[in-house]
Amino acid sequence: MKLAALGGGAVYFAGLAGCASADAKTMAGGPAYDDFYFVQLSDTHWGFSGAPNPDAKNTLRKAIATVNALEKQPEFIVFTGDLTHTTDDPGERRRRMKEFKEIVADLKVKQVRFMPGEHDASLDRGAAFKEFFGDTNYSFDHKGVHFIVVDNVSDPGARIGDEQLAWMKADLAKRPKDSPIVVLTHRPLFDLVPKWDWATRDGAQAIDILMPYPKVTVFYGHIHQEHHHMTGHIAHHSAKSLIFPLPAPGSQPNRTPLPWDPSQPNRGLGFREVEAEPDVAQYKIQEYGVTKA
Amino acid sequence: MNTFHAYLLAVAAMAASPLLAHADGDPAVGKGLYAARCAACHSLEYNGVGPTHKGLIGRHAGTAQGYSYSEALKHSNVVWGEETLSRWLTEPEKFIPGQKMFISIPDARERADIVAYLLQAARPQTAAAIPTNPGQ
């Protein structure tokens, strides 16, 4: 053990030397492709109040300030669902959406993409969401990457549905097979913990549609923690929430929020910045806390 | 002695007392975190998207048999142990520029938990498997 650990100390020097040579390489030419950054925020649950987050009124605003202060500003920002906390009062739902929209207007980056979570959309099949934020599924392109937003929440049965699956298939058919594709969605497309509603009933059909494309990556939310999973060559990355963390998949009988720790407020909460390298379809993920550490 | 040398000495001193250094990591928590954050690409049994962690502790970086490494890892001369794993997980690209792992564990406690788990679960298979440190 000692020998190995001492080797580690010495090796740190090699790491520093490597830094210097990397700088030299960047100065010599820089990448021939156009990399870009985007930020993923998720599960802000505006309107939630309760012991799991006594600071719920401020968490979102703090996170926005942190995003605005990022050294590398993203070219756009995505919110992967559960913008608001569920309420069965349609008036209250709209009030929460209006407030949420006003708060996120403080983001310096103005290109912001929204999608619903089941808290926003499953009680009215996305009606209120559409009034405030537009379509619940759509696609867009950014510097060679094709982004597809998949709605697996407006159907209260946690399905994408045949109509949307057909749209997905047709949307993808227009792309060359080797296009870099990013899917943005709320629930996991694979069966993470079905009894906790951590699955999409017809997610396997979506994965089948994506499978012929060699460069597909999925970013999602819903499970309030960072998680990485592969289905074949397709990587699935879930983001932390900005309200309360949930337990590790299947680690306890019930999916109850992890308690707020006053000695470490905001522990387990955060957002991520993704550096997209379109030519190699690589996505480098950097996780951030609610406030700058 | 300049500050940098003092720092290296401090690193070496910390590395020399492994019991003290990883006392705060919880391997049981680390096991769950490993499943959620690492296991998509890594396994304790075989190479996947990332190299296997079988016998990781004490292994030279870039040497798992059958795995296709970046040039950066192959030439890094890093030996995996508590200190190096923690630095690597903090920000891989800063530690070994040119590497290809795109996930990091910025939370210090989570990092300590994962490293504590690896120190148990990815021990060298036999005592003879701990490499010496050639070329230093």
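The structure this text deals with has already been given above.
Report follows, based on the coordinates. (Residues numbered from 1 in each chain as written. Chains lettered and ligands numbered in written order. Predicted model: local features only at pLDDT ≥ 70, side-chain atom pairs only at ≥ 80, totals over all residues.)

Overview of the packing of helix 6 (residues 162–173) of chain A against helix 7 (residues 203–210) of chain A
All names here are of chain A. The geometry of helix 6 relative to helix 7 is characterised by a closest axis approach of 10 Å and an angle of 10° between their N-to-C directions. Viewed along their axes, helix 6 and helix 7 adopt a mutual orientation that is roughly parallel. Here Leu 165, Met 168, Lys 169 and Leu 172 of helix 6 lie close against helix 7, whose contacting residues are Gln 205, Ala 206 and Ile 209. Class assignment of the residues belonging to the contact of helix 6 with helix 7 gives a composition of five nonpolar, one polar and one charged. (Axes fitted to C-alpha atoms, helices over the stretch in contact; angles between N-to-C directions. Helix = DSSP H or I, 4+ residues; strand = E, 2+ residues; numbered from the N terminus. Parallel < 35°, antiparallel > 145°, perpendicular 65-115°, else oblique. Contact = placed C-beta atoms within 7 Å. Nonpolar A, V, L, I, M, F, W, Y, C, P; charged D, E, K, R; others polar.)

Section: unusual backbone geometry
Residue and element names in this part refer to chain A. For Arg 125, which is not a glycine, the phi torsion comes out positive at approximately 50°. If you trace the backbone, Arg 125 turns up in the loop between helix 4 (118–121) and helix 5 (127–133). A residue is classified by how many C-beta atoms lie within 10 Å of it, and Arg 125, with 15 of them, is partly exposed. At Lys 143, a residue that is not glycine, the phi angle is positive and equals roughly 45°. By secondary structure assignment, the location of Lys 143 is in the loop between strand 4 (138–142) and strand 5 (145–150). (Buried ≥ 20, exposed ≤ 12 C-beta atoms within 10 Å, placed from the backbone.)

A few points about helix 5 (residues 82–90) of chain B
With eight of nine residues buried, helix 5 of chain B is to be regarded as a mostly interior element. By the burial criterion, the buried members of helix 5 of chain B are Glu82(B), Glu83(B), Thr84(B), Leu85(B), Ser86(B), Arg87(B), Trp88(B) and Leu89(B).

Here's the deal with the pairing of strand 8 (residues 227–231) of chain A
Residue and element names in this part refer to chain A. Pairing of strand 8 with strand 9 (residues 234–238), which is carried by five bridges, proceeds in the antiparallel orientation. Its bridge partner being in strand 9, His 227 is matched across the sheet by Ser 238. In textbook terms, the turn of a hairpin is the stretch between consecutive antiparallel strands, and for strand 8 and strand 9 this stretch comprises two residues, one of which, Gly 232, has a positive phi near 60°. (Pairing = 2+ DSSP bridges.)

Examining the sheet that holds strand 9 of chain A
Residue and element names in this part refer to chain A. Strand order in the open sheet formed by six strands is 4-5-6-7-9-8, with mixed pairing between adjacent strands. Looking along the sheet, the strands with just one partner apiece sit at the ends: strand 4 and strand 8. The mean angle between the axes of side-by-side strands here comes to 20°, regardless of whether they run parallel or antiparallel.

Let's talk about the environment of Gly55(B)
Along the chain, the position of Gly55(B) falls in the loop between helix 3 (27–38) and helix 4 (71–74). Taking the C-alpha atoms as reference points, Gly55(B) and Asn77(B), separated by 22 residues in sequence, lie 17 Å from one another.

Remarks on the environment of Gly62(B)
Residue and element names in this part refer to chain B. Here Gly 62 shows up in the loop between helix 3 and helix 4. Sequence separation of Gly 62 and Ala 72 is ten residues, and the distance between their C-alpha atoms is 8.5 Å. Beyond its immediate chain neighbours, meaning those up to four positions away, Gly 62 contacts Tyr 69, Leu 73, Lys 74 and Ser 76.

Quick look at the packing of helix 3 of chain B against helix 7 (residues 108–121) of chain B
Residues and elements named next belong to chain B. Packing of helix 3 against helix 7 brings their axes to within 7 Å, and their N-to-C directions diverge by 95°. With respect to their mutual orientation, helix 3 and helix 7 come out roughly perpendicular. Note on element contacts: helix 7 touches helix 3 through Glu 110, Asp 113, Ile 114, Ala 116, Tyr 117 and Gln 120, opposite Pro 27, Val 29, Gly 30, Lys 31, Leu 33 and Tyr 34. Looking at the contact of helix 3 with helix 7, its residues break down into seven nonpolar, two polar and three charged.

Function-wise, these values are silent; they only describe arrangement.
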